[in-house]
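Survey of secondary and tertiary structure
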Amino acid sequence: SAVISQKPSRDICQRGTSLTIQCQVDSQVTMMFWYRQQPGQSLTLIATANQGSEATYESGFVIDKFPISRPNLTFSTLTVSNMSPEDSSIYLCSVDRQGSGNTIYFGEGSWLTVV
Amino acid sequence: GDSVTQMEGPVTLSEEAFLTINCTYTATGYPSLFWYVQYPGEGLQLLLKATKADDKGSNKGFEATYRKETTSFHLEKGSVQVSDSAVYFCALGRGATNKLIFGTGTLLAVQP
């Protein structure tokens, strides 16, 4: 399995502020993904981040709210902008280790609470 | 579009009981199927997977068989332990896009 480190692991944020979550992978991967898991809910894909190109966002998610960077093949960031209590969620970074769609691993998540 | 339906929880079992968590999917073609587990306070871990029809994924005593005729991927374990208490997610993946579509998750609580 891939070693995926996320920072911060937990945070309590004030509404209206922004927070950047970092994801570091132990090896180079082409595709990285960001998911959201709202309390008691399943996971929803926010966007796909490929190195050297703009992130591709899923329906219902926009770049202004969730800007993503992918400066190299082992690192990505997700920013949650202008947070509201509805943004309280676990944000998970995910990678496809072999690029085949069959080896997708997740970080431990960043648990954000917006007050 | 593609979708995954899981049995609703919570599922409460006594230790050493037999476990089945139902998962069915809707998709065209031949997706890959996964079970992920989320232990309390932790992120998602890949439990097992199957990439084609009739494949059986297995890990840590858990098994699931990819049944195309019934579009199902039910998770089973012959004898659960308290340490298996977690939320289990069934997911469908498309190799071309690498995106996963998750079911709603099933909470399993195993009592001693």
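Up top you'll find the structure we're talking about.
Here is what the cut-offs are and how they apply
Just so you know, the residues in each chain are numbered from 1, in the order the chain's sequence is written. Chains and ligands are labelled sequentially in the order written, the chains with letters from A and the ligands with numbers from 1. Given that this is a predicted model, residues contribute local features only at a pLDDT of at least 70 and side-chain atom pairs are listed and counted only at 80 or more, while totals for whole chains, interfaces and linings are drawn from all residues. Heavy atoms throughout the structure, all of them, feed into the side-chain values; hydrogens and water do not. Only heavy atoms enter the contact rule, under which two residues are in contact if any of them lie within 4.5 Å. Summed over both partners, buried area is the accessible surface (1.4 Å probe) that two parts give up on being assembled. Basic side-chain nitrogens of Lys or Arg form a salt bridge, by our definition, when they fall within 4 Å of a carboxyl oxygen of Asp or Glu. Within 3.5 Å is the distance limit for a polar contact, defined as a pair of N or O atoms, with the added protein rule that one can donate a hydrogen and the other accept it, and that residues adjacent in sequence qualify only through two side-chain atoms. Here a pair means two rings of Phe, Tyr or Trp (six-membered ring of Trp) with centres within 6.5 Å. Their orientation is stacked below 30 degrees between planes, edge-to-face above 60, and tilted elsewhere. Elements are defined by DSSP. Helices are runs of H or I of four residues or more, strands are runs of E of two residues or more, and each kind is numbered from the N terminus. Whether a residue is buried, partly exposed or exposed follows from its accessible area with a 1.4 Å probe, protein chains only, as a fraction of its type maximum: under 20%, in between, or over 50%, in that order. Note on pairing: DSSP must find at least two bridges between two strands before they are called paired.

Take the interface of chain B and chain A next. Interface size, as often reported, equals the accessible area lost upon joining of the parts. Listed by partner, the interface residues are 20 residues for chain B and 25 residues for chain A. At the boundary of chain B with chain A, total buried surface from both sides reaches about 1700 Å², with 54% on carbon and sulfur atoms. By the criterion of area lost to chain A, the three top residues of chain B are Leu44, Asn98 and Lys99 of chain B, representing 32% of everything that side buries. Salt-bridge contacts for Glu58 of chain A lead to Lys99 of chain B; the nearest nitrogen and oxygen are separated by 3.0 Å. Along the contact surface separating chain B from chain A lie five residue pairs in polar contact (both at pLDDT 80 or more).

Turning our attention to the packing of aromatic side chains. All told, the structure shown has eleven aromatic pairs over all chains when counted by the stated rule. Measuring from centroid to centroid gives 5.9 Å for Phe106 of chain A and Phe102 of chain B, while their planes differ by 70 degrees, and the two rings are edge-to-face. In this pair, Phe106 of chain A sits in strand S10 (residues 104–106) while Phe102 of chain B sits in strand S11 (residues 100–102), so the two residues belong to two different chains. Judged by relative accessible area, which is 9%, Phe106 of chain A ranks as buried. Ring plane angle 90 degrees and centroid distance 6.2 Å describe the contact between Phe89 of chain B and Phe102 of chain B, whose orientation is recorded as edge-to-face. One end of the pair, Phe89 of chain B, is in strand S10 (residues 86–93); the other, Phe102 of chain B, is in strand S11, with 13 residues separating them in the sequence. When its relative accessible area of 9% is taken as the criterion, Phe102 of chain B is described as buried. Through a chain of ring-to-ring contacts, the aromatic side chains of Tyr35 and Phe106 of chain A together with Phe34, Tyr36, Phe89 and Phe102 of chain B assemble into a single cluster.

The peptide bond linking Lys7 of chain A to Pro8 of chain A adopts the cis configuration, its omega dihedral lying at -5 degrees. By secondary structure assignment, the location of Pro8 of chain A is in the loop between strand S1 (4–7) and strand S2 (10–13). Residue Gly9 of chain B is joined to Pro10 of chain B through a cis peptide bond whose omega torsion reads 0 degrees. By the element assignment, Pro10 of chain B lies in the loop between strand S1 (3–6) and strand S2 (11–14). One non-glycine residue with positive phi stands out, namely Asp54 of chain B, at about 75 degrees.

Turning to the pairing of strand S9 (residues 89–96) of chain A, a few remarks are in order. Taken residue by residue, a regular strand's side chains alternate between the two faces of the sheet. Residue and element names in this part refer to chain A. Among the eight residues of S9, eight are classified as buried, and the element is accordingly described as predominantly covered. Burial along S9 is two-sided: the face carrying Ser89, Tyr91, Cys93 and Val95 and the face carrying Ile90, Leu92, Ser94 and Asp96 are both buried. Where strand S4 (residues 31–37) lies against S9, six bridges are found, and the strand directions are antiparallel. The residue bridging Met32 from the neighbouring strand is Val95, located in S9. In this structure, S9 lies alongside strand S11 (residues 110–114), joined through three bridges in antiparallel fashion. Paired with Ser89 across the strands is Leu112, a residue of S11. One ladder, built from three bridges, connects S9 with S10; its direction is antiparallel. Its bridge partner lying in S10, Ser94 is registered against Phe106.

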